Amino acid sequence: MASVAMGKSNANAKGAAKKKEVKKETGLGLSNKKDDNFGEWYSEVVVNGEMIEYYDISGCYILRPWTMSIWEIMQAFFDAEIKKMKIKNCYFPLFVSPGVLQREKDHIEGFAPEVAWVTKSGQSDLEVPIAIRPTSETVMYPYYSKWIRGHRDLPLKLNQWCNVVRWEFSNPTPFIRSREFLWQEGHTAFATKSEADAEVLEILELYRLIYEEYLAVPVIKGKKSELEKFAGGLYTTSVEAFIPNTGRGIQGATSHCLGQNFARMFEINFENDKGEKAMVWQNSWAYSTRTIGVMVMIHGDDKGLILPPKVASTQIIVIPVPYKDADTRAIFDACTTTVKTLSEAGFRVEADFRDNYSPGWKYSHWEMKGVPLRIEIGPKDLANRQVRAVRRDNSAKVDIPMDSLVGQLKDMLTKIQQSLFEAAKQKRDACIKVVKTWDEFVDALGHKKMILAPWCDEEEVEKDVKARTKGEMGAAKSLCSPFDQPELPEGTLCFASGKPAKIWTYWGRSY
């Protein structure tokens, strides 16, 4: 018996050591590493970082306050910018009648598999099923036709902050692919194409700012191919991000020129200043909560989230570090004073006074949640009238005198924001591979690269690329043709067809 017990005891000791080792390696609560199992790591990070909670309907997620505060910060920026452009907010109903939905054939064909339908009211079948909006072109445009009569009614520039539902898909992923998500969608109408073209790019630049200035995620601005553009639109521009760990591109946000196609279908006509009947030119543009998922994927590490200071709900967490014989009350008072000083200076700051957790546990907890800066105040700091500041992104520690705290912390947060962007850009750029031939393309794709290649810009050739690269990982497709085009020497051939190349285009697998 004794020997059996001894065996168990040793096994328990080994198990405990192993558990301890895992905890030491991955931090509080993370059992997967970003480089080893990216999908599982991501699912863990968004739950343990208290961003989402899984819901009992597949593909639907609860967005917790930690997420909503990030969304609200981006919303405040974007909303103020579009108001400067004289774009007004409105709200249209969630429901769409089938007749209206099906008026623009190309458009609805693009969305048909994803449309959710309401078919019952209580126990009674509805006489006519009602669709739930997958996007709002067909919801809004019958009323644009009603409201626009003459050139003085133009431009009509509306935006709505709302939810949309897109039902049928495989592999739901929090933020990235969900059945319901939050977004803004802008819908504008102009008298001339030149006005519409100008707005498309103005909005796209705002999307770049959201990603690069707020989320510290590098993106490429460009135009989508005919195959990848918005169904029913004239052309689509986008900001494209890239996830180095998975080797996949991800469409960050889109700004579409719809041309006059929807105006034709919905009879959105006006009398111009010469008294002639004309059709409007339209745009639509949107970004969604997907932005937040991209940020998590790019910056997070094996300890959890890393939030850029500009969007972090809490930028600084203050943690008291009392020792047995220390003056705990004085340390707590110093923490309270520090929070007050920093709050008054405009920082988003909190203190963690919970007495049922050790300082070490609190460090791991707030690291998991991605707070950019941690301030520790212990007896030594109190005696020296200083605090210890620890960066989340690189764990660098620095002691800062109390009287220069505000200035130095402002500087540190600016540097964190900047270094997160620079690190992400460096990683992204290291994944970009320029290729000229099909063999080089296939090799780069196998190495999870974002590929820049000369292309003949023909739809059939893109379809062929998709067909030839189909496999377990998913087919490759064009991501965008960047506005910033490298020189295309005369005689350059398309990597896929061997025909004369017309444009440089980014290719890769994507979400």
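Rules of the game
Residues numbered from 1 in each chain as written. Predicted model: local features only at pLDDT ≥ 70, side-chain atom pairs only at ≥ 80, totals over all residues. Heavy atoms only, no water. Helix = DSSP H or I, 4+ residues; strand = E, 2+ residues; numbered from the N terminus. Buried < 20%, exposed > 50% of the residue type's maximum accessible area, 1.4 Å probe, protein only. Contact = heavy atoms within 4.5 Å. Areas by Shrake-Rupley, 256 points an atom, 1.4 Å probe, with all protein chains shown as cover. Lys, Arg positive; Asp, Glu negative; His and termini not counted. Charge placed at Lys NZ, Arg CZ, Asp CG, Glu CD. Pairing = 2+ DSSP bridges. Axes fitted to C-alpha atoms, helices over the stretch in contact; angles between N-to-C directions. 1 Å grid on protein atoms, 1.4 Å probe; cavity = no way out; pocket = protein on both sides within 12 Å on 5 of 7 lines; lining within 4 Å. Points joined across faces, edges and corners; volume = space filled by probe spheres on them. Nonpolar A, V, L, I, M, F, W, Y, C, P; charged D, E, K, R; others polar. Salt bridge = Lys/Arg side-chain N within 4 Å of Asp/Glu carboxyl O. Polar contact = N/O pair within 3.5 Å; in protein donor to acceptor, adjacent residues only side chain to side chain.

Caption draft 1: Structural detail: the overall build of the chain. The helix and strand inventory of the chain stands at 15 helices and 23 strands. Summarising its shape, the C-alpha atoms of the chain cover approximately 85 × 60 × 55 Å along the three principal directions. In the chain, which comprises 511 residues, the proportion classed as buried is 50%. A separation of at least 24 residues holds for 69% of the contacts in the chain among residues at least 6 apart in sequence. Counting every atom, the chain has about 24400 Å² of accessible surface; 51% of that belongs to carbon and sulfur. On the chain, the mean spot of the 69 positive side-chain charges and the mean spot of the 68 negative ones are 3 Å from each other.

Caption draft 2: Expanded view of the sheet that holds strand S18 (residues 386-391). Spatially, five strands are ordered S16-S15-S17-S18-S19 in an open sheet, and the strand pairing comes out mixed. With partners counted over all chains shown, the strands left at the sheet margins are strand S16 (349-351) and strand S19 (397-401), one partner each. Neighbour to neighbour, the strand axes of the sheet diverge by 25° on average, direction disregarded. Summarising the sheet, S18 and S19 pair through five bridges and their orientation is antiparallel. Among the inter-strand pairings, Val387 is bridged to a residue of S19, identified as Ile400.

Caption draft 3: Here's a closer look at the layout of surface pockets. Considering only enclosed or pocket space, the second largest pocket measures out at about 230 Å³ in volume. Taken together, 14 residues line the second largest pocket, and the ones lying closest to its centre are Cys60, Tyr61, Ile62, Leu63 and Glu180. Secondary structure elements with two or more residues in the lining of the second largest pocket: strand S2 (61-63) and strand S8 (180-190). Tallied by class, the residues present in the lining of the second largest pocket amount to 11 nonpolar, two polar and one charged.

Caption draft 4: Fine view of the environment of Tyr144. Structurally, Tyr144 can be placed in helix H6 (residues 137-147). Here the alpha-carbon distance between Tyr144 and Leu156, two residues 12 residues apart in the chain, equals 8.1 Å. Apart from residues lying up to four places away in sequence, Tyr144 is in contact with Leu156, Leu158, His187, Ala189, Ile268 and Gln282.

Caption draft 5: Looking closely at empty space enclosed by the protein. Under the definition given, this model contains two cavities of 30 Å³ or more. Considering only enclosed or pocket space, the largest cavity measures out at about 90 Å³ in volume. Lys34, Val217, Pro218, Ala241, Phe242, Pro244, Asn245, Met297, Ile298, Ala424, Lys427 and Arg428 are the residues that line the largest cavity. At the level of elements, strand S10 (235-243), helix H9 (290-299) and helix H13 (405-430) are the ones that each hand at least two residues to the lining of the largest cavity. Here the lining of the largest cavity gets three residues from one element, more than from any other, and that element is H13. Its residues assigned to classes, the lining of the largest cavity shows eight nonpolar, one polar and three charged. The volume enclosed by the second largest cavity comes to roughly 30 Å³. Lining the second largest cavity, in full, are Thr246, Gly247, Leu445, Lys448, Lys449, Met473 and Arg509.

Caption draft 6: How the structure looks around the sheet that holds strand S6 (residues 124-132). If you trace the three strands from one edge of the open sheet to the other, you get S4-S6-S5, paired in antiparallel fashion. Only two strands of the sheet have a single neighbouring strand rather than two, namely strand S4 (95-96) and strand S5 (116-121). In this sheet, S6 lies alongside S5 in antiparallel orientation, the contact comprising five bridges. Residue pairing in the sheet places Val118 in a bridge with Ile130 of S6.

Caption draft 7: Seen up close, the pattern of salt bridges. Enumeration according to the criterion identifies 28 salt bridges in this entry. Put simply, Lys83 and Asp79 hold a salt bridge, and the shortest N to O gap is 2.3 Å. Highlighted residues: Lys83 and Asp79, both in helix H3 (residues 65-84), separated by four residues, approximately one helical turn. Among the residues examined, Asp79 registers a relative accessible area of 15% and is labelled buried. The partner of Arg374 in a salt bridge is Glu376, with the nearest N and O atoms 2.9 Å apart. Across the pair, Glu376 and Arg374 agree in class, each one buried. Among the ionic contacts, a cluster of salt bridges with common partners joins Glu205, Arg208, Glu212 and Lys221.

Caption draft 8: Broad picture of the side chain of Thr291. Note that Thr291 resides in helix H9. Take Thr291: its relative accessible area is 0%, and that puts it in the buried class. For Thr291, the side chain forms a polar contact with the main-chain oxygen of Ser288, separated by 2.8 Å. Leave out the neighbours within four places in its chain, and Thr291 touches Trp71, Met74, Tyr211, Leu215 and Gly252.

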